[in-house]
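# Architecture and fold: a report
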Amino acid sequence: MRRIAIALSKGGVGKTTTAVNLAAGLAQQGRRVLIVDADTQGQAARMLGVQGPHSLAEVAAGDVAPTAALVAARPGLWLLPGGRGLAGLKRVIDRKEFGGERTVREALAPLDEQFDFAIVDTAPGWDALAVNALFYVNEVLAPVSLEVLALQGLIDFTQNLRSLQQYHERLHLRYVLPTFYDRRVRKSDEIHRQLQSHFGAQLCQPIRYNVRLSEAPGFGQTIYEYAAGSPGADDYQHLVTKVMQDE
């Protein structure tokens, strides 16, 4: 199973939008996909229009079996919800004397053979839960909105990632995904060129600014369901194709 974290320390860059639409696109291509929501906001469930009685926090604490917490969201797509309970899980992890960083990885190990992909939606910041999410995965996809602060956030994030790789050698930054790309704004092209020069083959085709992407969650739909012919749907489908080509 390929495990990919959608991660960046800065908020507002489209992490949940990317996690949900990448996962849904992979499922539409016949893959068995799990979304792990590692964010206390629990937005992935809302974006998919589903609810579940259990969460990642209960699974990681050992109170609920992983299979019992899964929610069938779409054909081929399952969700392990996040939510406010994850705040308590952070405290549990922090209190562990040894191996706290592997809490999530160990809890979700029984699911390894059931899915082709696990897509992990992470919260902004760098805390015990974010580190746990990164110890669970081997690949990172970093969405970066094309603005100066997000670019600085990417630089800071990659530095933190390098420090983590000392203890998790298989972890690597596989994809950098520009988001909110708008050709009408000069800075979008300027920052995109900087990303190209620094990340090369890791850089994905940008996700263009598209109001349909912001509207779809209000209807509990993916971009493919809400506006299949939109630029947002086309751009995320391109991302899906790129990720599948790397299998």
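My aim in this report is to walk through the structure given alongside it, one point at a time. (Residues numbered from 1 in each chain as written. Predicted model: local features only at pLDDT ≥ 70, side-chain atom pairs only at ≥ 80, totals over all residues. Heavy atoms only, no water.)

## A closer look at the sheet that holds strand β4 (residues 77–80)
The strand order across the open sheet formed by seven strands is β3-β4-β2-β5-β1-β6-β7, and the pairing between neighbours is mixed. Looking at which strands have only one partner, the edges of the open sheet turn out to be β3 (71–74) and β7 (172–179). Sheet twist, expressed as the mean angle between neighbouring strand axes with direction ignored, is 25°. Two strands pair when backbone bridges link them, and strand β6 (residues 139–145) and β7 are joined in this way by seven bridges, in the parallel orientation. Paired with Glu139 across the two strands is His172, which belongs to β7. On the sheet, helix α8 (residues 148–165) packs against β6 and β7 and is oriented at approximately 165° with respect to β6. (Pairing = 2+ DSSP bridges. Helix = DSSP H or I, 4+ residues; strand = E, 2+ residues; numbered from the N terminus. Axes fitted to C-alpha atoms, helices over the stretch in contact; angles between N-to-C directions. Contact = heavy atoms within 4.5 Å.)

## What to know about the pattern of salt bridges
On inspection of all chains with the given rule, the structure shows 10 salt bridges. The closest approach of N and O atoms between Glu225 and Arg74, which form a salt bridge, is 2.6 Å. Of this pair, Glu225 sits in helix α11 (residues 223–226) while Arg74 is found in strand β3, placing the two residues 151 residues apart along the sequence. Overall, Glu225 belongs to the partly exposed group, its relative accessible area being 37%. (Salt bridge = Lys/Arg side-chain N within 4 Å of Asp/Glu carboxyl O. Buried < 20%, exposed > 50% of the residue type's maximum accessible area, 1.4 Å probe, protein only.)

## Here we look at the packing of α8 against helix α9 (residues 186–199)
Packing of α8 against α9 leaves a shortest axis separation of 10 Å and a crossing angle of 20°. The angle between α8 and α9 falls in the class roughly parallel. Between α8 and α9 the crossing geometry is right-handed. Across from Val148, Leu151, Leu154 and Thr158 in α8, the residues of α9 making contact are Ile191, Gln194, Leu195 and Phe199. Its residues assigned to classes, the contact of α8 with α9 comprises six nonpolar, two polar and no charged. (Parallel < 35°, antiparallel > 145°, perpendicular 65-115°, else oblique. Left-handed = near helix turned anticlockwise from the far one by under 90°. Nonpolar A, V, L, I, M, F, W, Y, C, P; charged D, E, K, R; others polar.)

## Comments concerning helix α12 (residues 231–245)
Taking 1.5 Å per residue as the helical rise, α12 with its 15 residues ought to reach 21 Å, and the 21 Å between its terminal C-alpha atoms agrees with that figure. Every buried residue of α12 is accounted for by Gly232, Ala233, Asp235, Tyr236, Leu239, Val240, Val243 and Met244. (Expected span 1.5 Å × (residues − 1).)

## Quick notes on the layout of surface pockets
If you roll a probe as big as a water molecule over the atoms, it shows you where there is empty space left. Size it by volume and the largest pocket reaches roughly 430 Å³. Lining the largest pocket are 24 residues, and of these Val13, Gly14, Lys15, Thr17 and Phe180 sit closest to its centre. At the level of elements, α1 (15–28), β5 (117–122) and α10 (211–215) are the ones that each hand at least two residues to the lining of the largest pocket. Here the residues of the lining of the largest pocket are counted per class, giving nine nonpolar, 11 polar and four charged. Taken as a whole, the second largest pocket spans an internal volume of roughly 290 Å³. Lining the second largest pocket are 17 residues, and of these Gly42, Ala45, Arg46, Gly82 and Gly83 sit closest to its centre. Each residue belonging to the lining of the second largest pocket can be placed in one class, and the counts come to four nonpolar, nine polar and four charged. (1 Å grid on protein atoms, 1.4 Å probe; cavity = no way out; pocket = protein on both sides within 12 Å on 5 of 7 lines; lining within 4 Å. Points joined across faces, edges and corners; volume = space filled by probe spheres on them.)

## Topic: the packing of aromatic side chains
In the structure shown here, the tally under the stated rule is three aromatic pairs. Between Trp78 and Phe115 the ring centres are 5.6 Å apart and the planes differ by 70°, which places this aromatic pair in the edge-to-face class. Linking Trp78 in strand β4 with Phe115 in the loop between α6 (103–108) and β5, this pair joins segments that are 37 residues apart in sequence. Across from the ring centre of Tyr136, 5.2 Å away, lies the NZ or CZ of Arg3, which sits over that ring. If you follow Arg32 out to its NZ or CZ, it ends over the ring of Phe115, 5.8 Å from the centre. (Phe/Tyr/Trp six-rings, centres within 6.5 Å; stacked < 30°, edge-to-face > 60°. Lys NZ or Arg CZ within 6 Å of the ring centre and 35° of its normal.)

## Notes on the packing of helix α5 (residues 85–95) against helix α7 (residues 128–136)
It is the contact of α5 with α7, at a shortest axis distance of 9 Å, that shows an interaxial angle of 80°. As far as their axial angle goes, α7 and α5 are roughly perpendicular. Taking contact as the criterion, the partners of Leu86, Leu89, Lys90, Ile93 and Asp94 in α5 are, on α7, Ala128, Leu129 and Asn132. Taken together, the residues that form the contact of α5 with α7 break down as five nonpolar, one polar and two charged.

## Here we look at a nonpolar patch on the surface
Taken together, the side chains of Phe180, Tyr209 and Val211 present a nonpolar region at the surface, about 290 Å² in accessible area. Among the structural elements, Tyr209 can be located in the loop between α9 and α10. (Patch = residues over 30% accessible without salt bridge, like charges linked within 9 Å, V, L, I, M, F, W, Y side chains within 5 Å. Areas by Shrake-Rupley, 256 points an atom, 1.4 Å probe, with all protein chains shown as cover.)

## A look at the pairing of β7
When you tally the buried positions in β7, you get six out of eight residues, the bulk of the element. A crossover links β6 with its parallel partner β7, the connecting element being α8, and its sense is right-handed. (Right-handed = clockwise from strand over helix to strand, strands pointing away.)

## Re empty space enclosed by the protein
Enumeration over the complete set of coordinates arrives at three cavities of 30 Å³ or more. By volume, the largest cavity is sized at about 40 Å³. Residue composition of the lining of the largest cavity, by class: seven nonpolar, two polar and no charged.

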